[in-house]
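Chain by chain, the residues:
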Amino acid sequence: MAGLDWTYGVSTLRQWESADYEPSLPVSEKSNPLTCDIDRASAYSIVKMLQVCDSQMFQKEAGMTYQRLLSDQVVKTLMEVAKRVEVIIKDPQESCVVMSGCGTSGRLAFLISSGSNKALSQLNQSEVYSYIIAGGDRALLSSQEAPEDDPRLGVLSLKKVCEGKKRVLFIGISCGLSAPFVAGQLDFCLQHPEVYTPVLVGFNPAHQARDEPIQDCTFTFHSVVQRMQELAKSQKAFLINPAVGPEAISGSSRMKGGSATKILLEVAFSAAHAATSSNTPITHNGVLQHMMAYERTLAVTYSQTDGITTLVEAAGESLRCSRHVYYLGWGSLALLGLIDASECRPTFGADYEDVRGFIRGGYRELNNNDGPLTSLGPKFSIAHEDFLHLILPCLTDKDTVLLIYTHSDDATEVGNMARRVREKTPNLHAVYHQADGDTAASLQQDDIKKLCLSTLKITWPQEALVSGTLQHMRELSTKLVLNAVSTGAHVLKGKIYQNHMIDLQVTNTKLYRRATRLLQKLSACPEEKCEEALLKAIYRVDMLTLEMTSSDITTHTCFARNSTKVVPLALVILLTGWSLVEAESHLKQQPIVREAVAQWMW
Ligand code: F1P
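Residues numbered from 1 in each chain as written. Predicted model: local features only at pLDDT ≥ 70, side-chain atom pairs only at ≥ 80, totals over all residues. Heavy atoms only, no water.

*Asks:* What is the right way to read the overall build of the chain from this model?
*Replies:* What the chain contains, in helices and strands, is 25 helices and 12 strands. Taken over the C-alpha trace, the chain has a radius of gyration of 23 Å; the compact-globule value for 602 residues is 25 Å, and the two agree within 12%. Principal-axis analysis of the C-alpha atoms gives the chain an extent of 70 × 60 × 50 Å. A burial count over the chain gives 62% of its 602 residues as buried. Counting contacts in the chain only where the partners sit at least 6 residues apart, residues at least 24 apart contribute 77% of the total. When the accessible surface of the chain is summed, it comes to about 23000 Å², and 51% of that surface belongs to carbon and sulfur atoms. (Helix = DSSP H or I, 4+ residues; strand = E, 2+ residues; numbered from the N terminus. Rg over C-alpha atoms; globule rule 2.2 N^0.38 Å. Buried < 20%, exposed > 50% of the residue type's maximum accessible area, 1.4 Å probe, protein only. Contact = heavy atoms within 4.5 Å. Areas by Shrake-Rupley, 256 points an atom, 1.4 Å probe, with all protein chains shown as cover.)

*Asks:* What should I look at first to understand the layout of surface pockets in this one?
*Replies:* Any empty space left between the atoms is revealed when a probe the size of a water molecule rolls over them. Taken as a whole, the second largest pocket holds about 560 Å³ of empty space. Taken together, 26 residues form the lining of the second largest pocket, with Gly349, Ala350, Lys495, Asp503 and Lys565 sitting closest to its centre. Of the domains in this structure, domain 2 (305-468) and domain 3 (502-597) are the two that each give at least three residues to the lining of the second largest pocket. (1 Å grid on protein atoms, 1.4 Å probe; cavity = no way out; pocket = protein on both sides within 12 Å on 5 of 7 lines; lining within 4 Å. Points joined across faces, edges and corners; volume = space filled by probe spheres on them. Domains from an automatic or database assignment.)

*Asks:* Looking at this structure, I do not really get the site of the ligand. What am I missing?
*Replies:* Lining the immediate environment of the ligand, one finds 13 residues, of which Ser105, Ser174, Cys175, Gly176 and Lys510 sit closest. Interatomic distance of 3.5 Å between a backbone N/O atom of Cys102 and an oxygen atom of the ligand. Between the ligand and Lys510 there is a distance of 2.7 Å, counted from an oxygen atom to a side-chain nitrogen or oxygen. The fraction of the free accessible surface of the ligand (380 Å²) that becomes covered by protein chains is 95%. The site holding the ligand turns out to be the largest cavity. Of all the secondary-structure elements, those providing two or more residues to the shell around the ligand are α4 (104-122) and α19 (509-523). Within the shell around the ligand, the residues separate by chemical class into three nonpolar, six polar and four charged. (Near = heavy atom within 4 Å. Polar contact = N/O pair within 3.5 Å; in protein donor to acceptor, adjacent residues only side chain to side chain. Sits in = over half its atoms within 2 Å of the grid points. Nonpolar A, V, L, I, M, F, W, Y, C, P; charged D, E, K, R; others polar.)

*Asks:* Teacher, can you tell me more about empty space enclosed by the protein here?
*Replies:* One pass over the full model with this rule turns up six cavities of 30 Å³ or more. Taken as a whole, the largest cavity spans an internal volume of roughly 320 Å³. What lines the largest cavity is a set of 24 residues, among which Thr104, Glu145, Gly251, Ser253 and Lys510 lie closest to the centre. Listed by contribution, the elements that provide at least two residues to the lining of the largest cavity are α4, α12 (331-348) and α19.

*Asks:* Explain the confidence of the model for the chain to me, please; I cannot follow it from the model alone.
*Replies:* The predicted structure's coordinates, where accompanied by low pLDDT, should not be read in detail. Mean pLDDT over the chain: 93, with 96% of residues reaching 70 or higher. Counting contacts from residues 1-5, a segment whose pLDDT is below 50, to residues more than four positions away or on other chains yields 12 contacts. Scored by ipTM, the complex comes to 0.94, with pTM at 0.95. (pLDDT = per-residue confidence, 0-100.)

*Asks:* I'm lost on the environment of Ile359 in this one. Help?
*Replies:* With respect to the helices and strands, the residue Ile359 is situated in strand β7 (residues 355-359). In the structure, Ile359 is positioned 161 residues away from Pro198 in sequence and 33 Å away in space, judged by C-alpha atoms. Not counting residues within four places of it along the chain, the set of residues in contact with Ile359 comprises Gly329, Gly331, Ala334, Leu335, Leu338, Glu365, Leu366, Ile382, Ala383 and His384.

*Asks:* What am I meant to see in the sheet that holds β7 here?
*Replies:* Sheet strands pair via backbone hydrogen bonds, and the direction of the pair is either parallel or antiparallel. Read across the sheet, five strands follow the order β7-β6-β8-β9-β10 without closing on themselves; strand pairing throughout is parallel. The open sheet has two edge strands, β7 and β10 (454-460), and neither has a second partner. Ignoring which end each strand starts from, the neighbouring axes of this sheet average 15° apart. Relative to β7, strand β6 (residues 325-329) runs parallel, the two sharing five bridges. Of the residues in β7, the one forming a bridge with Leu328 is Phe358. (Pairing = 2+ DSSP bridges. Axes fitted to C-alpha atoms, helices over the stretch in contact; angles between N-to-C directions.)

*Asks:* Hey, could you run me through the domain arrangement of the chain in this one?
*Replies:* Where the parts come together, the accessible area they lose is often given as the size of the interface. Along its sequence, the chain is carved into domain 1 (91-253), domain 2 (305-468) and domain 3 (502-597). Taking the mean C-alpha position of each, domain 2 and domain 3 sit 36 Å from one another.

*Asks:* Hey, could you run me through the UniProt feature "domain: SIS" (unreviewed entry) in the chain in this one?
*Replies:* Those places that UniProt annotates as "domain: SIS" (unreviewed entry) correspond, in this numbering, to residues 85-278 and 315-495. For residues 85-278, helix accounts for 44% and strand for 14%, while the C-alpha atoms at its two ends are 15 Å apart. (UniProt positions renumbered as here; feature names shortened; annotations may be inferred.)

*Asks:* Looking at this structure, how should I read the pairing of strand β4 (residues 196-201)?
*Replies:* Counting buried residues in β4 gives six out of six residues, a clear majority hidden from the surface. One ladder, built from six bridges, connects strand β3 (residues 167-173) with β4; its direction is parallel. The residue bridging Leu169 from the neighbouring strand is Thr197, located in β4. For the crossover that starts at β3, traverses helix α7 (residues 180-191) and ends in the parallel β4, the hand is right-handed. Across three bridges, the pairing between β4 and strand β5 (residues 238-240) is parallel. Bridge pairing in β5 places Val201 opposite Ile240. In this fold, the crossover linking β4 to β5 by way of helix α8 (residues 221-232) has right-handed handedness. (Right-handed = clockwise from strand over helix to strand, strands pointing away.)

*Asks:* Honestly, the sheet that holds β4 in this entry has me stumped. Any pointers?
*Replies:* Within the open sheet, the five strands sit side by side as β2-β1-β3-β4-β5. Their pairing is parallel. A single partner strand is all that each edge strand has here, and the edge strands are β2 (129-133) and β5. Geometrically, the sheet is characterised by an average inter-axis angle of 20° between neighbouring strands, direction not taken into account. Lying on the sheet, α4 is in contact with β1 (95-101), β2 and β3; it crosses β2 at an angle near 165°.

*Asks:* Help me understand the pattern of salt bridges in this model?
*Replies:* Where charged atoms of side chains with opposite charge meet at close range, the side chains can pair. Taken as a whole, this structure holds 25 salt bridges when the rule is applied. Its salt-bridge partner being Arg167, residue Asp91 comes within 3.6 Å of it at the nearest N-O pair. Of the two residues, Asp91 is situated in the loop between α3 (72-89) and β1 and Arg167 in strand β3; the sequence distance between them amounts to 76 residues. By relative accessible area, Asp91 is classed as partly exposed at 22%. Arg167 gets classed as partly exposed once you look at its relative accessible area, which sits at 39%. A salt bridge links Lys262 to Glu475; the nearest nitrogen and oxygen atoms lie 2.6 Å apart. With Lys262 in helix α9 (residues 256-278) and Glu475 in helix α18 (residues 470-492), this pair connects stretches of sequence that are 213 residues apart. Across the pair, Glu475 and Lys262 agree in class, each one buried. Bridged by salt links that share partners, the residues Arg14, Glu17 and Arg68 form one connected network. (Salt bridge = Lys/Arg side-chain N within 4 Å of Asp/Glu carboxyl O.)

*Asks:* Help me understand the state of the cysteines, please; the structure alone is not making it clear to me.
*Replies:* As used here, a disulfide is simply a covalent bond connecting the sulfur atoms of two cysteines. Within this structure, the stated rule accounts for zero disulfides. Unpaired in terms of disulfides, Cys102 finds its nearest cysteine sulfur in Cys175, a separation of 10.0 Å. Since its relative accessible area comes to 9%, Cys102 is described here as buried. (Disulfide = S-S within 2.5 Å.)

This is the structure we're talking about:
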């Protein structure tokens, strides 16, 4: 496995699998031992750590502890799901495949459904895929964490998408096996087996599914999973839940969780498409080989460590001096830019202007359910024209701009954009995907290269072109690069303590629990005291009222939507015993959270 020899031994790589490693936490919430010092690492080391973390996705199963991406059972389930999809493709009037999730999982549902529908159109087949994202289409581009807690909303949106259908393959995605929105939908499917076959995609073993009661519901995520496990024996439900190891930044399921979601679903759907269009049988080996092509994508991408490091450094420098990072993309790669940018707010407490994505063709290219969202506010302006009108006039050399494109995009157009940006700033970089031996494209590319401070050129072997998986590989590769850029830049900005995002938003139950746990870990205070400090920081008071302490978590998380720096503030209160005002003023003087709290930590 590429990169594994980089300072880590096998025992460190597999340490998270040990039964006594953070035993109370599900895999998706554990902290990764490989990245415990990521907050003090150089840009180069950050990229190396991310590489090794990503490579954990493809580790082989060892013992009975965890199913892995390449495990037999996972491959078998993917084959069964692919067969169901094949049946649906043959009957597009009466049936459909629906993918649903919250946050990143919903965004990937969108990305995968649009890519897979395009693939079907190219095969002259009708489109069968649709997506649901908690909070609706606005959540594709902005952080909407609260709807994740609402199972009824999940059911309503599912019913709406499936109106008139007689057969539905429902794919609920929740990396942590935790989102009530998805649990509600799965429960609904289980109640209507004549129409719905439920599939669950996530990255914890079934027994680690969340067992916390859901308001006004008789089920928990865990109980839904148990019912599905029972039905899975007769293939009336499917669970695809390999472990991919803890995230590089604890709980940041947008990273490996998102990548593995993309891999699993694309593998199943591609197998179904090949079976429909060219009678290629769905085989164990075919599915396995396809998964391994994704493993090679990791190697191809991370062979460019120096280029990625340059981008992380540039983006980190921009964020450090309160300037911005802009992704200007073409085609579906631009979509990955939009997705990555939208995640910075919930993940790092960033402002929407810190990292922004733009797509050529705007909403026309996006082709989302609800059409243009521009009326919702400036952060929903996503076309290149918007960048030229709104951003370019104020661009400085402290901002970082990334062009993201492939050899099949219009090079003249990319060149024109590069020139416009270059008039304002030399801090222009390119992420460029080309096919091996594509010399015609590289002539035009030379002109663009001259305008850029750095060019990350990713070259794909001809074999990817032949197997028709090139687009998927380029997308995953772009996802890895952009995740590294935005994560690395925020680490360099000081947003991370050890490998925890301290400045996380506390806007749903999962994040509330994560915040409390983090406070316990970092302050060594008991849970009760940590929750008290968290509430003080949320409500901005030194004395909690009875009304505050007796409210439910939903009330707290609703209120927290308008509060900033909640967790850092709570941590300073816990560590120092200061009043809220004192703690607030301390954080103002030292906005780098890591530095602000470091002096009181061991
Ligand atoms: C969904 C999700 C994540 C997001 C954040 C909050 O998680 O919205 O995508 O990054 O951590 O939760 P899941 O249901 O896929 O586990």
